[in-house]
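Residue strings, one per chain:
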Amino acid sequence: MSVTTEPSAAAAGIRPFRVETPQAELDALRGRIAATRWPHKELVEDRSQGVQSATINKLADYWASDYDWRKCESKLNALSQFKTEIDGVDIHFIHVRSPHPDALPLIMTHGWPGSVIELLEVVGPLTDPTAHGGRAEDAFDLVLPSLPGYGFSGEPTEVGWDPGRVARAWAELMNRLGYTRYVAQGGDVGASVTDAMARQGPEGLVGVHTNLLVTALGGPQPTDSEEERAAADALATFRASGFGYFLEQATRPQTIGYALLDSPVALAAWMLDHDTDSYQKISRAFLDEQPAGDLTPDRIVDNITLYWLTGTGASAARSYWESGRAAAGAAGQTPPEASIPVGFTTFPGEIFQAPRSWVESAYPNLTYFNEVDKGGHFAAWEEPVLFASEVRAAFRPLR
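Residues numbered from 1 in each chain as written. Predicted model: local features only at pLDDT ≥ 70, side-chain atom pairs only at ≥ 80, totals over all residues. Heavy atoms only, no water.

Caption draft 1: Quick look at the layout of surface pockets. A volume near 1,400 Å³ is recorded for the largest pocket. Residue lining of the largest pocket: 41 residues in total, with Ser192, Asp195, Val214, Ser323 and Ala327 positioned closest to the centre. Mapped onto the lining of the largest pocket, the elements with two or more residues apiece are helix H5 (163-176), helix H6 (189-200), helix H8 (244-251), helix H13 (313-329) and helix H14 (356-362). Of the pockets and cavities examined, the second largest pocket occupies roughly 580 Å³. Forming the walls of the second largest pocket are 28 residues, and the residues nearest its centre are Gln49, Gly50, Val51, Gln52 and Asp273. Every element with two or more residues in the lining of the second largest pocket is listed here: helix H2 (53-65), H8 and helix H10 (264-272). Broken down by element, the residue count for the lining of the second largest pocket peaks at 4 residues, all from H10. Among the residues making up the lining of the second largest pocket, the classes are represented as 10 nonpolar, 13 polar and 5 charged. (1 Å grid on protein atoms, 1.4 Å probe; cavity = no way out; pocket = protein on both sides within 12 Å on 5 of 7 lines; lining within 4 Å. Points joined across faces, edges and corners; volume = space filled by probe spheres on them. Helix = DSSP H or I, 4+ residues; strand = E, 2+ residues; numbered from the N terminus. Nonpolar A, V, L, I, M, F, W, Y, C, P; charged D, E, K, R; others polar.)

Caption draft 2: Up close: the side chain of Asn77. The residue Asn77 is located in helix H3 (residues 69-77) in this model. Classification of Asn77 by relative accessible area gives buried; the value is 16%. In this structure the side chain of Asn77 is engaged in a polar contact, spanning 3.2 Å, whose partner is the side chain of Gln81. Setting aside residues no more than four positions away along its own chain, Asn77 makes contact with Arg18 and Val19. (Buried < 20%, exposed > 50% of the residue type's maximum accessible area, 1.4 Å probe, protein only. Polar contact = N/O pair within 3.5 Å; in protein donor to acceptor, adjacent residues only side chain to side chain. Contact = heavy atoms within 4.5 Å.)

Caption draft 3: Molecular detail of the pairing of strand E4 (residues 104-109). Among the 6 residues that make up E4, 6 are buried, leaving the element largely enclosed by the rest of the structure. Every second residue of E4 is oriented toward a common face, with Leu104, Leu106 and Met108 on one face and Pro105, Ile107 and Thr109 on the other, all of them buried. Bridge count between E4 and strand E5 (residues 140-145): 4 bridges; the pairing is parallel. Bridge pairing links Pro105 to Asp141 in E5. When E4 meets strand E6 (residues 182-186), the two strands line up parallel, connected through 4 bridges. Note that in E6 the partner of Met108 across the bridge is Gln185. (Pairing = 2+ DSSP bridges.)

Caption draft 4: Highlighting H13. A rise of 1.5 Å per residue sets the reference length of H13, with its 17 residues, at 24 Å; its end C-alpha atoms lie 25 Å apart and thus fit the reference within 8%. Of all the residues in H13, the buried ones are Gly313, Ala314, Ser315, Ala316, Ala317, Ser319, Tyr320 and Glu322. On its buried face, H13 sits against H6, H8, helix H9 (253-262) and helix H12 (297-310). (Expected span 1.5 Å × (residues − 1).)

In structure tokens form, the structure reads like this:
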């Protein structure tokens, strides 16, 4: 059951927000794409040298000629959007109340190279489940904030915005919205924020769900079973051949930021070069016109365009630097245990498929665990219906 109060938006410092992009900015974007200085084609037939020319050329052609940002702008403006200043940073968020009574408040956090755009297709299934094959009693009031330095949120002007600080800001946001009992969900960077919320245990937070085991990224895990060895091998492969973006953003975000704010094609290539599964799916969406679920050309370019128009390539990259700095400062310290219920879903295309044993070790109070048969790192984006069903199932016992 949801427990809410109705604070005055003005008193809480919450202001309505709309996306209004000047046409001159869109024209300038197309001009910059047309003026791209292209490198020669890679010398190999696979992606071992990075994003392949065929993929990025097709994306750029579509972006400059057929793509229409106004459709995404309209989709965003059809939802209730707001801004509020928390701890010196203007936080943008989408807030959609369910039409069903006693909806459970849920704050969901996106990751990198994503944004609130990766979560838009789960808004309907989560807030109005009866219209999407679900039950009224599984409804959520949904809060989708943009991470500091991402999208329409403000850029921090001081260091220290690590996942723990974001977690505290999210608790303040939910309090400011009048929610006294709520749950949280996150993947990628959002999983780090959600993990921090679970360990901080702010008043009102009664459970969390994640789809990336961030604790496994910090060090060796047991390899006693075949499942554990497979997960460890996948992690090792990622660190050996797919870790470039992670290392650069964790150590030199400002350096890469100059390219990300100057060239839209450089920004697109950087954002595509994430994990193998999502890269291959994005390539197929452009080259073969075979999108994986809702990971379509339009939605892919929507997300890249958001980064470009808001000029957040460098500030978003700094979140990795902040996480690395916080981890180094906490080295050797045992983190607080997450005492609230934790749910976890393993998607087959994730960087690694976390075995239940690893998840139970990280979260002794694991109350929900499931392995599904499709979806990858951007699970909510790629498979919104399946993702929504997992979120409903994870939090059902907490209603």
